[in-house]
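# Descriptive structure summary
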Amino acid sequence: MSDEENKRAWESEHYNAWLTRFGSPEQYAIKIMAEPHKLLGSLMPLMGEVSGKSILNLMGSNGNKAVALAHLGAQVTILDLSESNRQYALDLAHASNLEINYLVGDVLTFPLESTYDIVFAEMGILHYFTSLAPFFNRIKEWLKPGGKCLIRDFHPVSTKLIVSRGSTAKVRKHKVEGDYFDTQLVEKIVSYGKYAEHEAPIKVYLRNWNLGEIITAAAKEGLFIRSLIEEPNLSSEVYDQGIPKTFILEAQRL
């Protein structure tokens, strides 16, 4: 499957999936406004004071992070493939009495001429690209001099190597059965699929990158690597303790 086919899968209807996952925009807005810092999680310390800053959220989906940042005073733009994502996000912003800018288009081709203090993307983004060079090249184009790039995503140890076996948390065990250096595309059900009702599951093909490939791609496109933070499982599920579950790549345009 090509990047174009993955794009078509993500252009499918999302609005009802978000209603199932989060409730109505009015209901979800109340939760976001109560704890905006908590929703942004470990990205927040790296962003610093966001009030007055221009922020671009690539593939920002349902807009929850953008609305949280807008509540904290940032000027936020989302660039995403899905019109139905846009509708939920704008309804969410309206319910929060906030404004966000939501653009619908392909990250690799959209003619966006603005530049930003922060460009970020998070959780299940990189594996949709069959090449990372164009992605990081666009990020560099959209950053102001001194601007910061933040990528938070699933750690390759979890996506490429580790499988948890067992029917309950108490008996699950880790098993290494993947190939960290495998470059093949992997067929998966689209991530929002479990919240959507389809006659047939929507499938995408993912390229699970390892950390070396990710950091090298960012550096080759001229981004200065400031830090790589490997994060443990932050949930209460004991069986996934002790292995890296996510990471944050912090880079800068000099």
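Just above, that's the structure.
All values reported here derive from a predicted model rather than from experimental measurement.

## Quick notes on the pairing of strand β4 (residues 116-122)
- When you tally the buried positions in β4, you get six out of seven residues, the bulk of the element.
- Pairing analysis gives three bridges linking strand β1 (residues 54-58) to β4, with the strands arranged parallel. Looking at β4, one finds that N57 is bridged to F120.
- Bridge analysis of β4 against strand β5 (residues 143-154) gives six bridges, and the strand direction is parallel. Paired with E122 across the two strands is R152, which belongs to β5.
- Between β4 and its parallel partner β5, the chain crosses via helix α8 (residues 133-142), and the hand of that crossover is right-handed.

## Description of α8
- Three or more residues of α8 are buried, namely F135, F136, R138, I139 and W142. End-on view of α8: buried residues confined to an arc of 155°, all on one side of the axis.
- In this structure, the buried residues of α8 make contact with β1, β2 (75-80), β4, β5, α10 (211-220) and β11 (244-252).

Rules of the game
Residues numbered from 1 in each chain as written. Predicted model: local features only at pLDDT ≥ 70, side-chain atom pairs only at ≥ 80, totals over all residues. Heavy atoms only, no water. Buried < 20%, exposed > 50% of the residue type's maximum accessible area, 1.4 Å probe, protein only. Helix = DSSP H or I, 4+ residues; strand = E, 2+ residues; numbered from the N terminus. Pairing = 2+ DSSP bridges. Right-handed = clockwise from strand over helix to strand, strands pointing away. Arc of directions from axis to C-beta. Contact = heavy atoms within 4.5 Å.

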